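Residue strings, one per chain:
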Amino acid sequence: MIVTTEHLSKWYGHVSGLNDVSVTVGEGVTGLLGPNGAGKSTFMKIVTGQLRPSTGTLRVFGEPIWGHPEQYQRLGFCPEQDAFYEQMTALAWIAAMARLHGMDQDTADAAARRALATVDMLDVAERKIGSYSKGMRQRVKLAQAIVHDPQLLVLDEPLNGMDPIMRRRTIRLIRDWGREGRSVIVSSHILHEIESMTSTVLLIHNGRVVAEGDIHQIRGLIDAHPHQVSIRAQDPQAVARHLLGGDEVTSVRFEEGVVVVETAKPDAFYTRLTRLAASGEAGPIEEIASPDDTLQAVFSYLVKS
Amino acid sequence: MNGPALKPAARIFELALGQMLWGRRALFMAVVAGAPVVLALILRLTFASGSAVFIVNGNRVDTESIFTTAVSVLYLRFIVPALGVYYGTSLIADEIEDKTITYLFVRPISRGAIVLGKYLAYLVCANAVVLPSAAIVFAIAVPVAGMGRLLEMLLQELGRAALGLAAYGALFTLAGVSFKRPLVGGLIFVFGWEQMALVLPGYLRRLTVAYYLQTPETGVFVLLAVVVAAIGASIWTIEHREYVLQQ
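None of these values were measured; they are calculated from a predicted model.

1. Some words on the pattern of salt bridges
Residues and elements named next belong to chain A.
So, point 1. Applying the stated criterion to the full structure yields 17 salt bridges over all chains.
So, point 2. With a closest N to O distance of 3.3 Å, Glu 180 and Arg 182 form a salt bridge.
So, point 3. Overall, the relative accessible area of 13% leaves Arg 182 in the buried class.
So, point 4. Across the pair Lys 265 and Asp 247 runs a salt bridge, and its minimum N-O distance is 3.6 Å.

2. Some details on the domain arrangement of chain A
All names here are of chain A.
So, point 1. Its domain assignment divides chain A into domain 1 (3–217) and domain 2 (221–304).
So, point 2. Averaged C-alpha coordinates put domain 1 and domain 2 at centres separated by 25 Å.
So, point 3. Tallying the contact residues gives 20 residues for domain 1 and 21 residues for domain 2.
So, point 4. Summed over both sides, the interface between domain 1 and domain 2 buries roughly 1800 Å², with carbon and sulfur atoms accounting for 70% of that surface.
So, point 5. On the domain 1 side of the interface with domain 2, the three residues burying the most area are Pro 164, His 192 and His 205, jointly 30% of the side's total.
So, point 6. Counting across the interface, domain 1 meets domain 2 through 0 salt bridges.

3. A closer look at the sheet that holds strand β9 (residues 200–205) of chain A
Residues and elements named next belong to chain A.
So, point 1. Overall, mixed pairing links the 6 strands, which are arranged β6-β7-β8-β4-β9-β10 in an open sheet. Two strands lie at the open edges of the sheet, namely β6 (75–78) and β10 (208–214), each paired on one side alone. Across this sheet, the average inter-strand angle for adjacent strands is 15 degrees, counted without regard to direction.
So, point 2. Lying over the sheet, helix α1 (residues 40–47) contacts β4 (28–33), β6, β7 (152–156), β8 (183–188) and β9, oriented at roughly 155 degrees with respect to β8.

4. Focus on the pairing of β4(A)
Residues and elements named next belong to chain A.
So, point 1. Within β4, 6 of the 6 residues are buried, leaving the element largely enclosed by the surrounding structure.
So, point 2. One ladder, built from 6 bridges, connects β4 with β8; its direction is parallel. Within β8, the residue paired with Val 29 across the bridge is Val 184.

5. Here's the deal with the side chain of B:Asn127
So, point 1. Positionally, B:Asn127 belongs in helix α6 (residues 111–141).
So, point 2. If we skip the residues at most four places from it in the chain, B:Asn127 touches B:Pro132, B:Ala162 and B:Leu165.

6. With respect to the nonpolar core
So, point 1. Counting 122 residues, the largest nonpolar core has A:Trp93, A:Leu155, A:Trp177, B:Tyr119 and B:Tyr122 as the members making the most contacts within it.
So, point 2. Here the element with the most residues in this core is α6(B); it accounts for 15 residues.
So, point 3. For A:Trp177, the contacting residues outside a window of four places in its chain are A:Thr118, A:Leu142, A:Ile146, A:Leu153, A:Leu155, A:Arg182 and A:Val184.
So, point 4. Ranked by size, the runner-up nonpolar core spans 27 residues in total, among them A:Leu8, A:Val23, A:Leu51 and A:Tyr72.

7. Quick word on α6(B)
Each α-helix winds once per 3.6 residues, and so residues spaced three or four apart point in a common direction.
Residues and elements named next belong to chain B.
So, point 1. A rise of 1.5 Å per residue sets the reference length of α6, with its 31 residues, at 45 Å; its end C-alpha atoms lie 45 Å apart and thus fit the reference within 8%.
So, point 2. At Asn 127, α6 shows its maximal kink, close to 25 degrees.
So, point 3. Within α6, 22 of the 31 residues are buried, which leaves it mostly tucked inside the rest of the structure.

8. What about the packing of helix α4 (residues 90–97) of chain B against α6(B)?
All names here are of chain B.
So, point 1. Between α4 and α6, the shortest axis-to-axis distance is 10 Å and the interhelical angle comes to 120 degrees. Between α4 and α6, the interaxial angle falls into the category oblique. Together, Leu 91, Ile 92 and Glu 95 of α4 and Ile 114, Val 115, Lys 118, Tyr 119 and Tyr 122 of α6 make up the contact between the two elements.

Basis of the calculations
- Residues numbered from 1 in each chain as written.
- Chains lettered and ligands numbered in written order.
- Predicted model: local features only at pLDDT ≥ 70, side-chain atom pairs only at ≥ 80, totals over all residues.
- Heavy atoms only, no water.
- Salt bridge = Lys/Arg side-chain N within 4 Å of Asp/Glu carboxyl O.
- Buried < 20%, exposed > 50% of the residue type's maximum accessible area, 1.4 Å probe, protein only.
- Domains from an automatic or database assignment.
- Contact = heavy atoms within 4.5 Å.
- Buried area = accessible area lost by both parts, 1.4 Å probe.
- Pairing = 2+ DSSP bridges.
- Helix = DSSP H or I, 4+ residues; strand = E, 2+ residues; numbered from the N terminus.
- Axes fitted to C-alpha atoms, helices over the stretch in contact; angles between N-to-C directions.
- Core = buried A, V, L, I, M, F, W, Y, C linked by side-chain atoms within 4.5 Å.
- Expected span 1.5 Å × (residues − 1).
- Bend = angle between axes of the 7 residues up to and from the residue.
- Parallel < 35°, antiparallel > 145°, perpendicular 65-115°, else oblique.

Rendered as structure tokens:
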């Protein structure tokens, strides 16, 4: 097993961030699914040694990680926060991160170029990070996590802010990393995203793991709840016009430059949305996001039952 | 910190130096260090044109006095502490506030190396700006004929400035790793407490950096001890403290 926790808890003062979590994570992709504030980020920060467990034990590659920086030679982390050294170019920044893994300058440059090519960012690698769109910034974050070719990847909401096409590419990339034998822990509050990467999930709610295992068991529950998708586009009306033709769309409304679509068939809807973005028929689609109302409803059901 | 740990510190040093030179604080440093040069130039031109004579307590003030006053008042009491506070508190606290510290914490280097590398980058950067600034003020203010005689004084003053940058920087690096918003406290310390304590009778002035800068014979050893202790405490703190970044 790559990651093992036993009765792991984390308290922030009197507030519980994680409560008695005992799980194991092996090779392949494991989805960490839960609403915002469920404890996903806390779990990831403990697994990556940024926070210390209040009680319980954590082993990464069989060893503790807090106070053991040598472990990061085998671990890559993509944080949720949109934080960067804005004045640096992506290439310079990622090469600098690679240097911290002990690489000399030439090796670090080559590794940075490889990582940026993997996330389709090599052509803009010499631009300042401050000039990137949200989706490009997400990809740069992924690149810094893989620059040293780690065995364990921990990705906190890596698809946030990506456009549909990049989302599809990144999902494929994550799946490939899992197939190559790496261990990938990826968090999301969107079931559809997780489902497209893996069937192995940890469901986390209010700091507790409420279920773990196969994703299909909760699939039926999710389908019973309408799913909302918020789409930011240059021409929201055109996007709405194109989407309204399909039977998977239940309703459409507009909110400050975005079109919010409700669907009972998220799989079919996302497939159609990706096609629409690729065709460019409705103009550029800049960002898609999904509020976690749906997941919250499913979790409330799971917790009650 | 052993040999192998110095290599990661050197890499952090490279990264931090670039950020300091091109970061948002570089302009502040340039203005702070450039102001005395401009002031010296204005005074020099005023003297040269013969349009003004400075009389203090009935004595004409010469350029030598202007230089020593500039160093002791402007540099040691204002510029050096200001840079120490502004940079020292930001070395780690800015990374925490900007949430970029995560990228450094998930690398195979000790957290102590991050502190050490950043502190050394600050020292190089601050000295590279302040010492030439003071030297330029000296060159402007002191007549060519008197330069040789006053060169030893210049070197002593530059040494004091460097020592001050090291001591203030180390103290406020410790504040930066220990507190969430250290800048205000730092400013109160240097421009409130230090100014007040220096004029109070008794031993309170010994609780200031400025006092030891004024008494270089014994002050050197005290300030070097302060640097070692503060950086050591900073390394210990960052190695043991959890930094909870708000989402």
